Amino acid sequence: LSKLPLSNFSRLLAFGTACFLPRHIYMSAINSNDTISYLFVALSIYLLLIVIERKFPFFLLLTVSIVISVTLFTKYTSFIVLPVVLMVFISLAYKRLFPSRKQALLFFVLIIFVPMTILSAHLIWNKKHYDSPLPWNVNRSDPSLIQPRDGDHFDFFTFKPWESIDPPIIVPGRMQSFWTLVYSGMWFDNEPKFLYFLVSNQSWWDRYYGWLRGEEKFPEDSPSISKLTGLLGAGLTVFGLFPLLLIVRGFGNFFSRSWRSHANLEEMVKMSIFPTLLLSNMVVMIALAVRLPVYTAAKASYFLNSLPAFVVFLSLGLMVCEKSKPLKWTAVIAFSFLFCLASVH
């Protein structure tokens, strides 16, 4: 955030949102390839920003090459760094921002060619030993054969956040809208991993987990969730719409002439990273959900690779609010309340 042309006010609230985002906190409690992939995707982007800023020194280019190569081996979802680095190279070449042809060649070889060569060798090895360039555990246990679902495919054209308020967990009849599941999972433990430790009636949850695994029917009695937990879930889901709307506004603001008129060429190249990151992540998630139309394919955790893009577009959206004092104070109050809800939760 500090490497981009954003206001201090917008940086502060956007950074706070990343820190207090419940799904981010849930995942940070787990040591897994998911959390490592978020770290390395963000680190790759951060180093790309520094490389552009410092005019492509060899040592930094080599460092980015190593980090991107490692990133590709954390999780398949981290492949989204490839279109990002390609977009940066194309933008730099188009805007003629490379100091020399040598620097352009070094950038291409170290940041694109070397990671792709390593990845290609790995894909060939996988094909030889696993009969697939990209083997995955679905070949051993296909969740679409056992996990409950509402239909043969997801609905990618609806968004119904009110459906995830009561109850705030995955239940029959509310597993069809892809973006609703992803959004609700950002703000609450909708595919419960932690709620189990907050309840007294654990027998209900044992039957519920059996249903999620496709082993038994959904328990007919009401979910065993305390009123406080339900209220926190509802509050987080409702107030989470505020940063979402600002992210959408910021995404639109990125393409507006008013923003571009105040940015230099270097800043425009830097900012091109973030829509590429977000859109690539969306394409990967949709492709996975089309292949596996079950709730485990609509995980909010898969979207956290886009956390750098979320905070940048949120900042751009907040900069629009900043121009009006009433809107600015509304943002301060709303985000403060959201952070408090997340802290209590």
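Residues numbered from 1 in each chain as written. Predicted model: local features only at pLDDT ≥ 70, side-chain atom pairs only at ≥ 80, totals over all residues. Heavy atoms only, no water.

S.K.: Explain the overall build of the protein to me, using residue names and the numbers behind them.
M.R.: A count of helical and extended segments in the protein gives 15 helices and zero strands. Here the protein has a C-alpha radius of gyration of 22 Å; the compact-globule value for 345 residues is 20 Å, and the two agree. The C-alpha extent of the protein, read off along each of the three principal axes, is 70 × 60 × 30 Å. Within the protein, buried positions represent 51% of all 345 residues. A separation threshold of at least 6 residues defines the contact pool for the protein, and within that pool the share at least 24 residues apart is 71%. Carbon and sulfur atoms make up 66% of the accessible area of the protein, which totals about 17200 Å². Each charge class in the protein was averaged separately, 30 positive and 19 negative side chains, and the resulting centres sit 14 Å apart. (Helix = DSSP H or I, 4+ residues; strand = E, 2+ residues; numbered from the N terminus. Rg over C-alpha atoms; globule rule 2.2 N^0.38 Å. Buried < 20%, exposed > 50% of the residue type's maximum accessible area, 1.4 Å probe, protein only. Contact = heavy atoms within 4.5 Å. Areas by Shrake-Rupley, 256 points an atom, 1.4 Å probe, with all protein chains shown as cover. Lys, Arg positive; Asp, Glu negative; His and termini not counted. Charge placed at Lys NZ, Arg CZ, Asp CG, Glu CD.)

S.K.: How would you sum up a nonpolar patch on the surface? Please name residues and give values.
M.R.: Taken together, the side chains of Phe58, Leu62, Ile66 and Val70 present a nonpolar region at the surface, about 340 Å² in accessible area. Considering the arrangement of structural elements, one finds Phe58 in helix α4 (residues 58-71). (Patch = residues over 30% accessible without salt bridge, like charges linked within 9 Å, V, L, I, M, F, W, Y side chains within 5 Å. Salt bridge = Lys/Arg side-chain N within 4 Å of Asp/Glu carboxyl O.)

S.K.: With reference to specific residues and values, describe the pattern of salt bridges.
M.R.: Applying the stated criterion across every chain yields a total of eight salt bridges. One salt bridge in this structure joins Glu266 and Lys55, with 2.9 Å as the shortest N-O distance. Residue Glu266 is located in helix α12 (residues 265-271), and its partner Lys55 is located in the loop between α3 (33-53) and α4; the two are separated by 211 residues in the primary sequence. Taking the shortest distance from any N to any O, the salt bridge between Arg213 and Glu215 comes out at 3.2 Å.

S.K.: Hey, could you go over the nonpolar core for me, with residue numbers and the actual values?
M.R.: Counting residues in hydrophobic clusters, the biggest one holds 103 residues, and the most contacted among them are Leu48, Phe107, Ile111, Phe178, Tyr208 and Phe274. It is helix α14 (residues 307-321) that contributes the most residues to this core, ten residues altogether. Discounting chain neighbours no more than four positions away, the residues touching Phe178 are Phe154, Asp155, Phe156, Met285, Ala289, Ala297 and Ala298. (Core = buried A, V, L, I, M, F, W, Y, C linked by side-chain atoms within 4.5 Å.)

S.K.: Account for the packing of aromatic side chains, naming residues and giving values.
M.R.: Aromatic ring pairs are reported here in terms of the distance separating the ring centres and the angle at which the planes meet. Summed over the entire model, instances satisfying the criterion amount to 33 aromatic pairs. A centroid spacing of 4.9 Å and a plane angle of 40° characterise the contact between Phe56 and Phe98, whose relative ring orientation is tilted. One end of the pair, Phe56, is in the loop between α3 and α4; the other, Phe98, is in the loop between α5 (81-94) and α6 (101-130), with 42 residues separating them in the sequence. Considered together, Phe56 and Phe98 belong to a single accessibility category, that of buried residues. A connected cluster of aromatic rings, assembled from ring pairs, spans Phe154, Phe156, Phe178, Trp179, Phe303 and Phe310. (Phe/Tyr/Trp six-rings, centres within 6.5 Å; stacked < 30°, edge-to-face > 60°.)

S.K.: For unusual backbone geometry, give the residues involved together with the corresponding values.
M.R.: Each neighbour pair has its own omega, and for Asp166 with Pro167 the value is -5°, a cis peptide bond. Positive phi outside glycine occurs at Arg96, with the angle close to 55°. With respect to the helices and strands, Arg96 occurs in the loop between α5 and α6. Taking relative accessible area as the criterion, Arg96 reaches 76% and is therefore assigned exposed. Within the chain, Asp131 stands out as a residue other than glycine whose phi angle is a positive 65°. Looking at where Asp131 falls in the secondary structure, it is placed in the loop between α6 and α7 (178-187). Residue class for Asp131 comes out exposed when judged on its relative accessible area of 64%.

S.K.: Would you mind going over α6 in detail, with residue names and values included?
M.R.: If you check α6, its first and last C-alpha atoms are 41 Å apart, about what 30 residues at 1.5 Å a residue would give, namely 44 Å. The largest bend along α6 measures about 35° and falls at Phe113, with the proline Pro115 one to four residues further on. When α6 is considered as a whole, its buried residues turn out to be Gln103, Ala104, Phe107, Leu110, Ile111, Ile112, Pro115, Leu119 and Asn126. On its buried face, α6 is in contact with α3, α4 and α5. Among the residues trailing α6, Asp131 stands out with phi positive, at a value near 65°. (Expected span 1.5 Å × (residues − 1). Bend = angle between axes of the 7 residues up to and from the residue.)

S.K.: Quick rundown of the confidence of the model for the protein? Include the residues and the values.
M.R.: Low-pLDDT stretches of the model should not have their predicted coordinates read in fine detail. Here the protein averages 90 in pLDDT, while 98% of its residues score no lower than 70. Here helix α11 (residues 257-261) is the element of the protein with the lowest mean pLDDT, 62, and helix α1 (residues 8-20) is the one with the highest, 96. (pLDDT = per-residue confidence, 0-100.)

S.K.: I'd like a rundown of the side chain of Asn126, residues and numbers included.
M.R.: For Asn126, the position within the fold is in helix α6. With sequence-adjacent residues up to four places away left out, Asn126 is seen in contact with Asp131, Ser132, Pro133 and Pro135.

S.K.: Could you give an account of α4, with specific residues and numbers?
M.R.: The end-to-end C-alpha separation of α4 is 20 Å, in line with the 20 Å expected for 14 residues at 1.5 Å each. Among all positions in α4, only Leu60, Leu61, Val64, Ser65, Val67, Ile68, Ser69 and Thr71 are buried. The inward-facing, buried residues of α4 contact α3, α5 and α6.

S.K.: Report on the state of the cysteines, specifying residues and quantitative values.
M.R.: Per the counting criterion, the structure on display carries zero disulfides. In this model Cys19 remains outside any disulfide bridge; the closest cysteine sulfur is found in Cys340, 15 Å from its own. Taking relative accessible area as the criterion, Cys19 reaches 40% and is therefore assigned partly exposed. Its sulfur unpaired, Cys321 is 19 Å from the next cysteine sulfur, which belongs to Cys340. (Disulfide = S-S within 2.5 Å.)

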